[in-house]
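Topology and contacts: notes
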Amino acid sequence: MATTSEYSNRWIRRFRPAPEAPCGLVCFPHAGGSAAFYFPMARELSPQLDVLAVQYPGRQDRLSEPCLEDIHELADRATAALEPWTDRPLALFGHSMGATVAYEVARNLARAGTPPLGLFASARRAPSRHRDLAVHRRDDDGLVAALKELSGTDEQVLGDEELLRMVLPAVRADYKAVETYRHRAGPRLSCPVSVLVGDDDPVTTPEEADAWREHTTGRCELTVFPGGGHFYLNSRAEQVGKIVVRDIGRWA
């Protein structure tokens, strides 16, 4: 049986360790994404923050593991992996599907008596806002078309049939997880929430993003970026990093 530390190591990547940082920032990837998506953020924020990127099963070095198709299960397992890291304050950052996972992890941590400093919800409508998209039911061509529409997948991957065959199972599983997710009633978060979204995001409007304020008794602020689409973050790493540092400074 794996130890708690070994279990955590399967789930957590630490590209730029910053053990002296006063706070850890736990980052959750989008649908089909991996921990590597947050390498630029780790580079930007270290050593001010110790960035921990979550690696979901079924991709990259976890390719041989079964993908998870349920947000709540994904959040429960990620919460268990974070247990060794809760000896100091943690803030959570999630992009797209990752924001929903981060929210459920925040709820888990609050129930366990170790609530996060705050939550960054990026490019994702509030948990109570639902769209019937059913992308996970499309055939492979339809799934690839959805990826191209969001412009978040490397063109090299989209043009390589062998690579596509490797990543599509994780993409489909993630889409199923997020599209079948339904918010469960329960106490609202008490931590602040910082919501980030592009004004031309095709799957999250600023109004849907602003509804995150319904899910916390703490402060909720919305930042809307001009342009950039669903993956505005790719071109605004420095700007987003400054917002993260600013907000965590307010929360700590």
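Right above here is the structure, for reference.
Bear in mind that the values here come from a model prediction, so they are computed numbers and not experimental data. (Residues numbered from 1 in each chain as written. Predicted model: local features only at pLDDT ≥ 70, side-chain atom pairs only at ≥ 80, totals over all residues. Heavy atoms only, no water.)

Notes on the overall build of the chain
Scanning the chain from N- to C-terminus turns up nine helices and seven strands. Its C-alpha atoms give the chain a radius of gyration of 17 Å, within 12% of the compact-globule value 18 Å for 252 residues. Across its three principal axes, the chain shows a C-alpha extent of roughly 45 × 45 × 35 Å. Burial status across the chain gives 53% buried among its 252 residues. Pairs at least 24 apart in sequence give 81% of the contacts found in the chain among residues at least 6 apart. (Helix = DSSP H or I, 4+ residues; strand = E, 2+ residues; numbered from the N terminus. Rg over C-alpha atoms; globule rule 2.2 N^0.38 Å. Buried < 20%, exposed > 50% of the residue type's maximum accessible area, 1.4 Å probe, protein only. Contact = heavy atoms within 4.5 Å.)

As for helix α3 (residues 71-82)
Between its terminal C-alpha atoms α3 stretches 16 Å, which fits the 16 Å expected from 12 residues at 1.5 Å a residue. N-cap assignment for α3: the residue whose side-chain oxygen lies 3.0 Å from the backbone N of His72 is Asp70. (Expected span 1.5 Å × (residues − 1). Polar contact = N/O pair within 3.5 Å; in protein donor to acceptor, adjacent residues only side chain to side chain.)

Here we look at the pattern of salt bridges
Pairing is possible between side chains that carry opposite charge, provided their charged atoms lie close to one another. This structure, assessed with the given rule, holds 16 salt bridges. For Arg77, the salt bridge identified is with Glu73, shortest N-O distance 2.6 Å. On the criterion of helical spacing, the pair formed by Arg77 and Glu73 is a turn pair, its members being four residues apart in helix α3. Arg77 sits in the partly exposed class, given a relative accessible area of 35%. Assessed through its relative accessible area of 30%, Glu73 is described here as partly exposed. Between Asp247 and Arg250 there is a salt bridge, and its shortest N-O distance comes to 3.6 Å. Of the two residues, Asp247 and Arg250 are both situated in helix α9 (residues 237-251); the distance of three residues between them amounts to about one turn of the helix. Via salt bridges that share partners, Arg219, Glu221, Arg246, Asp247 and Arg250 belong to a single interconnected network. (Salt bridge = Lys/Arg side-chain N within 4 Å of Asp/Glu carboxyl O.)

With respect to the side chain of Arg124
Its location among the elements puts Arg124 in the loop between β5 (119-122) and α5 (140-150). Glu179 provides the closest opposite charge to the buried, salt-bridge-free Arg124, at an N-O distance of 7.9 Å. (Lys, Arg positive; Asp, Glu negative; His and termini not counted.)

Observations concerning unusual backbone geometry
The omega angle of the peptide bond from Ser46 to Pro47 is 5°, so this bond is cis rather than trans. Looking at the secondary structure, you find Pro47 in the loop between α2 (39-45) and β3 (50-54). For Ser96, which is not glycine, the phi dihedral falls at a positive 60°. Tracing the chain through its elements places Ser96 in the loop between β4 (90-95) and α4 (97-111). We note that Ala123 has phi near 55°; this positive angle belongs to a residue other than glycine. Mapped onto the elements of the fold, Ala123 is located in the loop between β5 and α5.

Remarks on the state of the cysteines
Applying the stated criterion across every chain yields a total of zero disulfides. The structure places no disulfide on Cys23, whose sulfur is separated from the nearest cysteine sulfur, that of Cys27, by 11 Å. Cys191 carries a free sulfur, and the closest cysteine sulfur to it, the one in Cys220, is 9.9 Å from it. Judged by its relative accessible area of 5%, Cys191 is buried. (Disulfide = S-S within 2.5 Å.)

Some words on the nonpolar core
Trp11, Phe28, Leu92, Val101, Val105 and Trp212 are the most contacted members of the largest nonpolar core, which totals 50 residues. For this core, the element with the most residues is α4, which contributes eight residues. Excluding anything up to four places from it in sequence, Val101 contacts Phe28, Tyr56, Ile71, Leu74 and Ala75. If you look at the next biggest cluster of nonpolar residues, it comprises 27 residues, including Leu45, Phe93, Leu117 and Tyr232. (Core = buried A, V, L, I, M, F, W, Y, C linked by side-chain atoms within 4.5 Å.)

Section: the sheet that holds strand β6 (residues 193-198)
Strand order across the open sheet formed by seven strands is β1-β3-β2-β4-β5-β6-β7, with mixed pairing between neighbours. With partners counted over all chains shown, the strands left at the sheet margins are β1 (12-13) and β7 (220-225), one partner each. Note that β6 and β7 share six bridges and pair parallel. Counted as the bridge partner of Gly198 is Phe225 from β7. (Pairing = 2+ DSSP bridges.)

Let's talk about the side chain of Arg59
Residue position: Arg59 is located in the loop between β3 and α3. In terms of polar contacts, Arg59 uses its side chain to reach the side chain of Asp174, at 2.7 Å. Excluding its chain neighbours within four sequence positions, the residues that come into contact with Arg59 are Gly32, Gly33, Ser34, Ala170 and Asp174.

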